[in-house]
Amino acid sequence: MSVLSGKHILLGVTGGIAAYKAAFLVREFIKKGAEVKVVMTETAKEFVTPLTLSTLSKNEVYSSFTNEDDDNAQWNNHVELALWADLFVVAPATANTLSKMANGTCDNLLLACYLSAKCPVYFAPAMDLDMYKHPSTKNSFDKLAHFGNIKIEAGYGELASGLVGEGRLAEPEDIVVFIENDILEKLPLKGKKLVITAGPTYEAIDPVRFIGNHSSGKMGFAIAKAAANLGAKVTLISGPSSQQLSHNNVEVVRVISAAQMYEKAHLVFNDCDIAILSAAVADYRPATVATQKIKKKEAGLTIELEKTSDILASLGKIKDKQFLVGFALETENEEENAKIKIKKKNLDLIVLNSLNDKGAGFATDTNKVTLIDANNNAYPFAVKPKEDVAQDILEHIIKKHYV
């Protein structure tokens, strides 16, 4: 999965011969899983048609504040477009547009979007050799860099004038790779190794029956995906779950029992930076597992249970540099019990949720959590989709300088 997957990309196309490459760039972004909207200058339409770009992006292409051919047309809100974007990419960026960007000129929709953008802005220059080397162009580059905009270097090659040198628009696939690498280098969890447990464990009674719980694994899988998108290398140890995750930064290890999860967690714990144990591990298992299916009898059935090994506590005992996060699902005295668990198991953070809270617990798409740290500081959150809860947990860990 590309780091661009799910991103909203606003592509600004300006009026140069290289504008035809915008069509290929739109396709490259979409192949990576991004959603693309295009804003063009009027002169850009002389080199590539809005119809081409709208067909490829499957979105309306914007070039003016209003549609002058339609008296009832709504205003194209540059603020909404700019706020929609996770990334704003100006490619090709002509000398004229770069100068306007550098000096705050706002005489078209593209420039209005640029001045309203709160997201990262990338620009890929495209112009003739002498224009590219002109002091005024260099001044534009310097100003834009000072503003925090990111330059995608022009290539060397044959130019539209027939000259050979710098100024050629970077190839669309190279632009995409540049942006991916730039994002990856800046991700807050880049270089970090995470271990995450998810789902239930099943403890066998006989070959066909088991003791288990209703955990779906959704929370753990959401945390693993969010961590991977933040640059981490993730080992996800999952009990029986229908959840699936395909990500270049995630290795999914499937287990069934608490003993298997214990073994796998200990194998990778020493080499990790952060361990988040969200799995609902069985506290007890049958002391004896029948080798054949137990036949139904008139009398009741008594099964002797024994305690399973406490994975979280065992990791807390051997913890060194790792940041250890546990989960607590409570039904009474929630915060008090969670704080006891932090001390008892030597945790750095605990994620508390209560079955008494609507929208929290097993097999739901939402959760309501309170984060409690080792100093007993509590940080409550509202009911949110589990994907958002995962983001909250990781952002809390990052912002509190635990990594």
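As a reminder, the structure under discussion sits directly above these lines.
Counting from 1, residues in each chain are numbered in the order their sequence is written. Side-chain atom pairs in this predicted model are given and counted only at pLDDT of 80 or more, local residue features only at pLDDT of at least 70, and totals for whole chains, interfaces and linings cover all residues. With hydrogens and water set aside, each side-chain value is computed from the structure's full complement of heavy atoms.

Topic: the environment of V61
In step 1: Relative to the elements of secondary structure, V61 occurs in strand β3 (residues 61-62).
In step 2: A simple rule labels every residue: compare its accessible area, found with a 1.4 Å probe on the protein chains alone, to the largest value its type can have, and call it buried under 20%, exposed over 50%, or partly exposed in between. On the basis of relative accessibility, which here comes to 14%, the residue V61 falls in the buried class.
In step 3: For the pair V61 and N270, spaced 209 residues apart in sequence, the C-alpha to C-alpha distance is 52 Å.
In step 4: Here, residues are in contact when the closest pair of their heavy atoms is within 4.5 Å. Those residues in contact with V61 that lie beyond four places of it in its chain are V38, M40, P50, L53 and S54. Think of it this way: any DSSP run of H or I at least four residues long counts as a helix, any run of E at least two long counts as a strand, and we number them from the N terminus.

As for the packing of helix α1 (residues 22-31) against helix α8 (residues 172-186)
In step 1: The geometry of α1 relative to α8 is characterised by a closest axis approach of 8 Å and an angle of 45° between their N-to-C directions. By the angle between their directions, the pair α1 and α8 is classed as oblique. Once α1 is placed against α8, the crossing between them reads as right-handed. Facing α1, whose interface residues are F24, L25, E28 and F29, α8 presents P172, E173, I175, V176 and I179.
In step 2: In this classification, the charged set is Asp, Glu, Lys and Arg, the nonpolar set is Ala, Val, Leu, Ile, Met, Phe, Trp, Tyr, Cys and Pro, and all remaining amino acids, among them Gly, are polar. Its residues placed into classes, the contact of α1 with α8 shows seven nonpolar, no polar and two charged. All axes are obtained by fitting lines to C-alpha atoms, using only the stretch in contact for helices, and the reported angles, taken between N-to-C directions, cover 0 to 180 degrees. Any angle between 65 and 115 degrees counts as roughly perpendicular, while under 35 counts as roughly parallel, over 145 as roughly antiparallel, and the rest as oblique. Note on convention: the crossing is left-handed when the near helix lies turned anticlockwise from the far helix by less than a right angle, right-handed when the turn is clockwise.

Quick notes on the packing of α1 against helix α2 (residues 50-57)
Axis angle and axis distance: for two packed helices, these are the angle between their axes and the distance between the axes, and together they describe the pair.
In step 1: As a packed pair, α1 and α2 sit with axes 9 Å apart at the nearest point and diverge in direction by 10°. Judged by the inter-axis angle, α1 sits roughly parallel to α2. For the pair α1 and α2, the contacting residues are A22, A23, V26, R27 and I30 in the first and T52, L53, L56 and S57 in the second.
In step 2: Here the contact of α1 with α2 is composed, by residue class, of six nonpolar, two polar and one charged.

Considering the sheet that holds strand β9 (residues 193-198)
In step 1: A pair of strands is treated as paired once DSSP finds two or more bridges between them. Taking strand neighbours across the sheet as the criterion, the eight strands line up as β13-β12-β9-β14-β17-β18-β20-β21 in an open arrangement whose pairing is mixed. Since the sheet does not close on itself, it has two edges, and those belong to β13 (250-254) and β21 (378-380), each with one partner. Strand after strand, the sheet turns through a mean of 15° between neighbouring axes, direction not considered.
In step 2: Lying over the sheet, helix α10 (residues 258-269) contacts β9, β12 (233-238), β13, β14 (274-277) and β17 (323-330), oriented at roughly 165° with respect to β12.
In step 3: Running at roughly 150° to strand β18 (residues 349-354), helix α12 (residues 334-345) makes contact with β17, β18, β20 (370-373) and β21 of the sheet.

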